[in-house]
Amino acid sequence: MSTGLTNMWDSWASSVPALVHSSTLEPCRDLAAAATRLAQAALADQYMVYEAAGGVWHFAAGSAVDLTAHPATLTARAAGRTWTSPTDDRPLTVFADALSALSAVPGAHDGGRHFYGWAAFELAHLLHADPAATGDGPLLHALIPSVEVTLTGDRTVVRAVDEAWLRKVAALLAEPTTRQLPPDGTTPDVTERIIAAGTAAYGSAVSRTVEDIRAGLLEKAVVSRRVPLPAGPPVDFPATYLAGRRANTPARSYLLDLGGYRAAGFSPETVLEVGENGRVSTQPLAGTRARDTDPAENERLRAELLTDPKEIHEHAVSVRLAWDEMAAVCQPGSVAVEEFMMVRPRGSVQHLASRLTGRLRPDAGPWDAFASLFPAITATGVSKRSALRTLARHEEGPRGLYGGAVFRGSTGGALDAALVLRTLIGEGNETCLRAGAGVTAQSSPEREIEETCEKLRSVAPHLRYASG
């Protein structure tokens, strides 16, 4: 990084107020409801709820300290000022450099300063395929919060830039918890009509992709379809999140209004998890069957999943590529498959799941690992470069947040990034769902359409709408 850019990011970081005030409160009885209540309170114009591993929930909010990367520029805000830098088509590198400057901010608590953000799917074109397909929209956004709340079964910890934030949060968490949700207005018939939208066009896209695969252009592509929600009362994102979280079994969940996107999601897998000790892991899920309330039927579908040649092939090629991407940034000999082809329940579906782990090289950091693994293989295909080109040809419009990542990280080197699937997404005046299926040479349009419907049922039945 040049001296000029170093000075610029040091100037920005020195303008970011530290979370020097803290308090520890009694634990909340219902962590999901407590986190959602904080989001509903509109404490600031940007916020995120992030459910991490081990039953730990985080809430972060703020208004004027953030970073936004476009393909050609990175813009930072703090203390009423704006800093702008060219990226030279390396937005992720410049984004990481800016965040690293925060490590020198005085008063940061143990583990460094935390940040919360997202990466749009189109970043993949700059990293792996055709930069011309990237477009000019935002690719990365991070909030450095003015208040951060960590909720566990043992305690609630609040950190903030001043005492006023501590008082606001304490007052909100002291309010009685209600499990009541607003009427959803979505009957089973309406839900099925929503998720059936666009299936014919999607079947055609699957057929064209199968032709590409059989022609030797690639091995697998995860082709998705966008499902716009009909005009009507606006969707209540926090209420939808809480209702959906009650019914889902995600690896991660998140609720956000951040950098132009609104989202309520129940991610089935992580793109990567990096610890401050350099341990990195990724969790590819590929291969799907439905899951319902009948244990006998679930077991039958589980057995079918474990013996289906198409699903096993789809999963195996994903694990193989994940290994290669991990090996590119990990110490030689450190990459291992800790789990292989387990079956994991994820809301309305069950997946074949594997986990790969490794140890980062001394010269590699969390964003190097992110650059190698993003976007998740299970949202793109094999090879990733060829799959991205195929998706650009056969999908309608850019994906935006779908297939990208929502993340929480620290300047101490930790990074936890959830894959954006099973997610309600709002951008501007539009709100949509989206789902995809892994297409291989053995795929049939009918089965892949059915799979997208199975996945959409993780979110669509739980939609809640604003009243009035």
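To be clear, the structure that these remarks concern was listed above.
Since the model is a prediction, treat every value here as computed from it, not as a measurement.

### Focus on the overall build of the chain
Point 1. From N to C terminus, the chain includes 13 helices and 23 strands.
Point 2. A compact globule built from 468 residues would reach a C-alpha radius of gyration of about 23 Å, and the chain, at 21 Å, matches this within 12%.
Point 3. Across its three principal directions, the C-alpha atoms of the chain cover 60 × 50 × 40 Å.
Point 4. The burial tally for the chain puts 59% of its 468 residues in the buried class.
Point 5. Pairs at least 24 residues apart make up 74% of the contacts formed inside the chain by residues separated by at least 6 positions.
Point 6. Per element, the accessible surface of the chain, about 18,000 Å² overall, is 52% carbon and sulfur.

### Digging into the side chain of S85
Point 1. On the secondary structure map, S85 appears in strand β6 (residues 81-86).
Point 2. The class of S85 is buried, set by a relative accessible area of 1%.
Point 3. Not counting residues within four places of it along the chain, the set of residues in contact with S85 comprises L5, M8, W9, A72, T73, L74 and V94.

### Examining the layout of surface pockets
Point 1. In this model, the largest pocket occupies a volume close to 550 Å³.
Point 2. Forming the walls of the largest pocket are 30 residues, and the residues nearest its centre are E122, G397, P398, R399 and G400.
Point 3. Among the secondary structure elements, those contributing two or more residues to the lining of the largest pocket are α12 (384-394), β22 (423-427) and β23 (430-439).
Point 4. Considering each element in turn, the lining of the largest pocket owes the most residues, four residues, to β23.

### Considering the sheet that holds strand β13 (residues 261-267)
Point 1. One open sheet accounts for 11 strands, arranged β1-β10-β9-β3-β2-β12-β13-β22-β23-β11-β19; its pairing is antiparallel. Every interior strand has two partners, whereas the edge strands, β1 (21-25) and β19 (381-382), have only one.
Point 2. Here five bridges tie strand β9 (residues 147-151) to strand β10 (residues 156-160), and the two strands are oriented antiparallel to one another. Residue pairing in the sheet places T150 in a bridge with V157 of β10.

### As for unusual backbone geometry
Point 1. F374 connects to P375 through a cis peptide bond whose omega is -15°.
Point 2. In this structure, P375 sits in the loop between α11 (366-373) and β19.
Point 3. The peptide bond linking V382 to S383 adopts the cis configuration, its omega dihedral lying at -10°.
Point 4. Tracing the sequence through the fold places S383 in the loop between β19 and α12.
Point 5. Phi at A79 is positive, roughly 50°, even though this residue is not glycine.
Point 6. Positive phi outside glycine occurs at M341, with the angle close to 55°.
Point 7. Along the polypeptide, M341 turns up in strand β17 (residues 336-346).

### Focus: the nonpolar core
Point 1. Core analysis: the largest hydrophobic core is formed by 77 residues, its most contacted members being W9, W12, F95, L272, W367 and F370.
Point 2. No other element matches helix α3 (residues 91-100), which puts six residues into this core.
Point 3. Contacts of W367, omitting those with residues within four sequence positions, involve L92, F95, A96, L99, F115, F407 and L415.
Point 4. Judged by nonpolar contacts, the second largest core, of 47 residues, contains L172, L242, L424 and L463.

Definitions and cut-offs
Residues numbered from 1 in each chain as written. Predicted model: local features only at pLDDT ≥ 70, side-chain atom pairs only at ≥ 80, totals over all residues. Heavy atoms only, no water. Helix = DSSP H or I, 4+ residues; strand = E, 2+ residues; numbered from the N terminus. Rg over C-alpha atoms; globule rule 2.2 N^0.38 Å. Buried < 20%, exposed > 50% of the residue type's maximum accessible area, 1.4 Å probe, protein only. Contact = heavy atoms within 4.5 Å. Areas by Shrake-Rupley, 256 points an atom, 1.4 Å probe, with all protein chains shown as cover. 1 Å grid on protein atoms, 1.4 Å probe; cavity = no way out; pocket = protein on both sides within 12 Å on 5 of 7 lines; lining within 4 Å. Points joined across faces, edges and corners; volume = space filled by probe spheres on them. Pairing = 2+ DSSP bridges. Core = buried A, V, L, I, M, F, W, Y, C linked by side-chain atoms within 4.5 Å.

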